[in-house]
Structure formats: structure tokens, C-alpha cells
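A look at the structure
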Amino acid sequence: MNAFTWYSQPFRADGGITADGLLGQLGRPQLSRLTILVREAAQNSWDARCPDQAVVRFQLDLVTAGAAHAGEWRRLFATGLPAQADTDAAFKKITLAPSVRYLAVSDRGTKGLGGPTRSDAQQSVRREWLRFVLNSGDRENGHQQATSGGTFGYGKGAFFLASKVGCAFVYTRFEDEDGSLRSRFIGTAVRKAYWHDGSRYTGRHWWGSPGTEHCEPLHDAAADETARRLGLPGFAGDETGTTVVVVEPDLTDPTLPDSESPEEMNAADAGAYLADAAAWNLWPIMLEGRKARMAVTVTANGVRIPVPGPADDETLAFFADAYRRTVTGSGEVLSCLKPRKELGGFAFEYTYGASVTSPAARELGLEGPPHHVCLIRGPELVTRYYAGPERPSPHVGYSGVFKVSEELDPVFARSEPPTHDAWAYQQLKGQDATFVRTLERRLKERCDAISGATNKRAFKVADYAVGSVAQRLGHLLAGPGGTGTAVIDVAPRPGTSYPPGPSSTTDAPDAGHTAPLPGSPFGSVPAETTDHRSEGAAPRPGGPRPRTTATRRPTLISSPRFEILDGRPVLVQRVRLHGSGRNEGHVKVVTGDGGTESNSPAGVVAPRVHGWRTPGGRLVPGEVLYHSEGLAEVELVVDALPDVVLDISVTGQV
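The sections below set out a description of the structure shown in this document. (Residues numbered from 1 in each chain as written. Predicted model: local features only at pLDDT ≥ 70, side-chain atom pairs only at ≥ 80, totals over all residues. Heavy atoms only, no water.)

Quick notes on helix α7 (residues 220–229)
- For α7, every residue scored as buried is listed here: Ala223, Thr226 and Ala227. Seen end-on, α7 carries its buried residues on one side only, within an arc spanning 95°. Within α7, the exposed residues directed more than 90 degrees away from the buried face are Ala221 and Arg228.
- Looking one or two places after α7, you find Gly231, whose phi comes out positive at around 80°. (Buried < 20%, exposed > 50% of the residue type's maximum accessible area, 1.4 Å probe, protein only. Helix = DSSP H or I, 4+ residues; strand = E, 2+ residues; numbered from the N terminus. Arc of directions from axis to C-beta.)

Next up, the structure:
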């Protein structure tokens with residue numbers, strides 16, 4: 001490795017772009033550096049996918065170089081340091097550090113970075129190396145890929161912004177024009193422009209095999225050996241792709257306010273944030289069943305971190321359902337009337353009890369019950385989430401998807417900033433600007449209608465824990481009591497969507513809209529609360545029953561879930577029975593002032609109890625269940641009525 005060194009780029013007679021100018025091309029994005037890195041890196045990988053590959057493997061590995069590789073990293077930064085005080089100091093810290101941390105961003109099933117290694121080379125079909133490693137804003141032949149995400153060619157700046165020392169290494173493998181497999185390895189750093197010995201330098205540096213006017217990468221065996229010594233992921237068989245290594249990644253916690261001494265996340269927390277950012281920004285191309293999809297893996301020091309998806313996140317499942325309706329044409333079309341043009345497909349799903357808690361999603365504007373439309377175009381990565389009005393009920397939201405028509409995809413692509421996270425009609429002229437501006441109006445119209453904002457009598461129903469009030473007033477009522485809705489929720493880990501809490505009150509969607517299909521995936525449910533002080537208590541033999549028999553009362557476990565029973569939506573509430581006796585289920589409508597109604601207005605269907613589902617899966621019809629065993633868990637099944645909040649409670653009698 002010591003035969004290779006750093007090369008600093010001087011200004012030439014005809015000028016050049018400075019390092020600061022290169023970093024400034026992304027503008028001033030509102031998203032965190034980690035989220036931008038995930039979005040831009042995944043977009044590059046998706047655009048570079050091989051047409052014959054069904055799966056693009058995209059991997060993010062946070063690594064602290066161990067004893068076997070740390071020495072090689074330190075020697076790399078000690079070989080021919082760039083002649084500039086700022087860069088020299090930054091790199092020297094790495095040579096003295098006890099460990100070196102990096103973030104390796106890898107893709108496989110992609111083309112790799114082929115083409116010439118000099119910008120002044122003759123015209124070539126492949127120019128990936130020039131676009132990513134050397135040039136800035138190079139989009140030659142970009143028109144041939146109309147639905148690509150990288151419209152500007154500036155996304156590589158995200159790798160340098162994510163590095164504390166502005167440094168990244170590139171290791172790639174590609175198939176040459178003659179069909180042979182080739183490897184390349186190069187280091188690149190973006191610091192500050194500076195003067196040295198009377199000459200002006202751009203602040204851009206490369207590590208490799210320096211020449212008179214440029215720096216050549218390491219080729220083939222030398223590239224593979226260098227990557228192996230540094231501990232970087234290699235290539236199996238005849239696979240191609242690229243690994244970009246961000247040296248000393250900036251892991252500043254995006255959830256905390258800016259400060260002079262920003263707090264950094266540890267590797268596990270940073271990995272979880274990257275996994276969530278991947279889920280909420282890339283989910284459309286990660287869906288199972290696509291002809292081509294992206295499989296995302298995240299690790300932190302070798303420990304794999306799950307990436308949420310529709311199978312385990314409730315809100316993402318609703319977005320996925322809306323997406324499938326959009327791409328299959330079963331949704332609706334939003335159009336511009338003057339001039340007449342179809343803007344794209346639109347579909348939405350009402351959400352039932354879903355709530356977003358992910359910090360990475362919060363950065364995108366999602367928190368609590370969703371009331372958003374995911375905007376996507378040709379590449380099918382998330383552009384942004386359009387926020388509409390909230391629903392009046394605290395537990396019903398909506399998840400929508402809008403996908404730009406293929407004909408207008410180039411128009412909307414030109415309306416995006418370099419970070420591809422908005423559609424701004426101000427960047428366009430004439431009819432093109434009209435199309436983008438009209439879409440904003442159409443989205444507002446649809447979200448107003450979906451949310452009920454167009455109904456002047458709409459109001460937001462408060463979220464009351466009615467059972468807690470009932471327990472406090474229980475001494476005024478005759479007969480045995482129950483736990484009602486006084487169930488304390490335990491919030492799930494950040495990054496998941498979960499059924500409503502902290503009560504067992506819940507609500508259903510508007511009439512006429514589809515409910516979740518049988519087997520719809522839902523997030524993890526909160527844990528139940530148990531009164532351990534009285535657990536295990538029993539009546540005295542031959543004596544009167546104690547006044548307080550908490551262990552004999554049925555206990556509601558977590559929050560109810562939605563199911564389809566005989567073609568109708570129902571709520572299923574888990575109940576723990578602590579002993580033998582008579583158990584009766586109750587369901588009432590919660591009014592806007594927090595009370596409950598036993599009698600329904602004329603012409604309105606009252607909620608009812610369908611029955612009890614035993615541990616063996618048998619449904620016992622009716623409100624009453626006689627239980628003769630000891631501790632057991634059963635399920636109470638009740639109606640899910642449209643656009644109401646229901647109070648579920650259970651009373652028990654020994």
C-alpha cells in the first residue's frame with residue numbers, strides 16, 4: 001500500500017470547481033445528513049441496477065476497524081498527506097486515533113463504475129466513473145434513462161457531507177467492454193481550497209497512483225488486495241457493484257436541537273436510525289412481489305439491525321396497500337383541466353389505530369396518526385410526504401400515494417432540488433409549471449375530502465380513558481366491577497407504528513371504505529398492566545369473599561385490533577381471566593364529551609358483542625362467557641362501527 005499516496009488537485013488555467021462549491025451543490029437541505037446519505041446513496045444504487053438482476057442488495061455497515069485492519073487505515077492516511085494545514089490536521093488525527101470508524105455503503109446487482117478514468121478521454125458509452133469520482137453535474141446520456149432519480153448528478157456530495165473529515169473511499173467491480181471483470185479502488189477527499197508554495201489548490205484530493213495531471217485508481221489485483229487489507233466487503237463470484245466508505249461518519253443525533261457541542265449517537269442507535277430512514281424513504285422499491293426490488297441490510301459492528309417494512313409496521317402496510325392500488329390502476333386519476341392532462345394515479349387507505357413513532361419518519365413530517373400522501377415518480381423512491389388535514393377522530397388517519405404519470409415524469413424531475421425531496425413549480429415555466437402547481441391543488445382537494453375538513457360541522461373527538469373514570473366512580477354502582485378501559489400502554493421501540501393507547505377506546509373508518517383485509521400486519525402491541533399487590537389472592541375457605549378481588553376481575557390486555565369476521569370489520573380485545581366464574585362483555589359508543597351512550601339514535605345500528613373466542617379458536621356467541629378453569633386468555637369480539645369511538649369493558653363475577 002505504501003507505493004500509493006495522495007494527490008492534490010491544483011487550479012488549472014481554465015479554472016475549476018472548489019471543494020466548497022462541490023459540497024454547496026446540494027443546497028441547504030432540511031433533512032439530516034444521515035437521511036440525505038441514505039436517500040442519495042440508494043438512488044445511485046437503484047439507477048445503477050443491472051437489467052437482468054431481480055434484486056439490488058443495498059447494505060449500510062457501521063464499522064469500528066479492529067486490530068486486524070486499523071493499522072492499515074492509519075498507514076493509508078499517513079502516506080503523503082495533502083499539503084494543507086486543515087487537511088493535514090484532520091488526517092493526522094486519524095493516524096493517531098486508537099480506532100478508525102467508518103460507514104460502508106455497498107450495492108450488489110448493480111453495474112459498478114466503469115468507463116474512462118480521465119475526464120479528457122475520448123467519448124465512451126460508459127461514464128459512471130467520471131460522473132461519480134471525477135466530474136460534477138455530469139449527466140451525459142442522462143436522457144436515455146428517463147425515470148432515473150439522479151437528475152443533477154450531485155448526489156455524491158452526500159458522502160462527503162456525512163464524513164467529519166470529508167473523505168470517502170470507492171471500491172468497485174464492473175464488467176468491461178470485452179466481458180472481463182475489472183476492479184478499481186480510489187480515495188477521495190473534499191476539504192477547502194488553499195494556497196501552497198505560490199500555487200492555488202481546489203481542496204479536492206485523491207488517494208491512489210498519482211500522475212502529472214490526475215490520480216489513477218488502483219486496478220484489479222491491487223484494488224482487491226487493498227480493500228481486503230482494510231476489511232471492506234468484497235465480491236463473490238461474478239457479481240458487480242460498488243462500496244463507498246465514509247470515513248469517520250458524523251453520527252450527530254438528528255432528533256436533538258442544534259448546539260455547539262452536538263451529541264452523537266452510539267453505533268447501535270445510529271444503525272437503528274439508518275434502518276428507519278431506509279424504511280421510510282425507500283419502502284416503495286423494497287416491496288415484495290416487484291419485478292425488481294431493493295433488499296436493504298443495516299449492521300452496526302457486525303450486529304444486524306432489522307429494517308421495518310409493511311410486514312411489521314402498521315402505517316407502512318397502509319401506504320403499501322395504497323401504492324399497490326395506484327400502480328395497478330384501481331385507484332383514481334388526478335388531472336389538470338386546463339390544459340387537460342392526466343397528472344398521475346392516486347389512492348388512499350384509512351388507517352385504524354396506526355401511529356408513527358419513528359424519529360426518522362418524524363424528520364419527514366410524519367408523527368402520530370398518519371394524514372399524509374406519499375409522493376413518488378419514476379424511480380419510485382419517496383420524494384416527500386404531503387401532509388393533509390387530520391381526521392376528527394384521534395385514532396383514524398389516512399395514508400395515500402400519488403405517482404406521477406410516465407409522460408410527466410421528466411417535468412416533475414426538473415422541478416426537484418438537487419436533494420430530490422420536493423416539487424417546486426417556481427423552477428419551471430409555462431405549462432410545466434401549471435402541471436406541478438395544479439397537483440398541489442388537487443392533493444389539497446382530495447385530502448380535505450378524505451379528512452372531512454370540508455364538513456363545517458366536523459370536530460376532533462378527544463381521547464378519553466373512560467375506564468379510569470368508571471373505576472373512580474365504581475363505588476356508586478351496584479354489582480361486580482371490571483377493569484374497563486384503564487389499561488396503561490407501554491410504548492414500543494422507536495421506528496414502529498402501533499395500535500392506539502393509552503385506552504382501549506378505538507374507532508373505525510368512514511362507512512363505505514375498506515377495512516383491513518384478514519391477516520393484515522400490525523405492529524407490536526403494548527404490554528399489559530397487572531396489580532401485583534393482589535395477584536394470586538383468593539377467597540378464604542368457608543368465609544366471605546374479600547371486598548377487593550382484583551385477581552378475579554378480568555383484565556384487558558393491551559389495545560384491541562381490527563379483523564374481518566364474516567365479511568364485516570370487528571374489534572378483537574384480548575382479556576385475561578384469573579379464575580372461574582361468569583364474565584360479561586360490554587361495548588358502548590363514546591360521545592364527544594367523553595361520556596358513553598347505551599341507546600343509539602333511531603336508525604343507527606348499536607354496537608354489539610359478537611361473542612368470545614376461546615384459546616382453542618372456538619367462537620362462543622353472546623355477551624356472557626362462563627369460565628371454569630384457572631388463569632386463561634380469551635378474546636372478546638365486538639362490532640367495529642363506522643366513524644365512532646367505542647368503549648370496551650368486561651365485568652366478572654365469581
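Overview of the packing of aromatic side chains
- Applying the stated criterion across every chain, the model contains 23 aromatic pairs.
- With a centroid separation of 5.0 Å and 80° between ring planes, the pair formed by Phe77 and Phe91 is classed as edge-to-face. Taken together, the residues Phe77 in helix α3 (residues 67–78) and Phe91 in helix α4 (residues 85–96) connect sequence positions 14 residues apart.
- What makes Phe77 buried here is its relative accessible area of 0%.
- Here Phe91 falls in the buried class, since its relative accessible area comes to 0%.
- Note on Phe412 and Trp423: the rings are 4.9 Å apart at their centroids and 70° apart in plane angle, and the pair reads as edge-to-face. Of this pair, Phe412 sits in helix α11 (residues 409–414) while Trp423 sits in the loop between α11 and α12 (430–451), and the two are 11 residues apart along the sequence. Accessibility assignment for this pair places Phe412 and Trp423 in one class, buried.
- Between the NZ or CZ atom of Arg184 and the centre of the ring of Trp129, over which it lies, the distance is 5.2 Å. (Phe/Tyr/Trp six-rings, centres within 6.5 Å; stacked < 30°, edge-to-face > 60°. Lys NZ or Arg CZ within 6 Å of the ring centre and 35° of its normal.)

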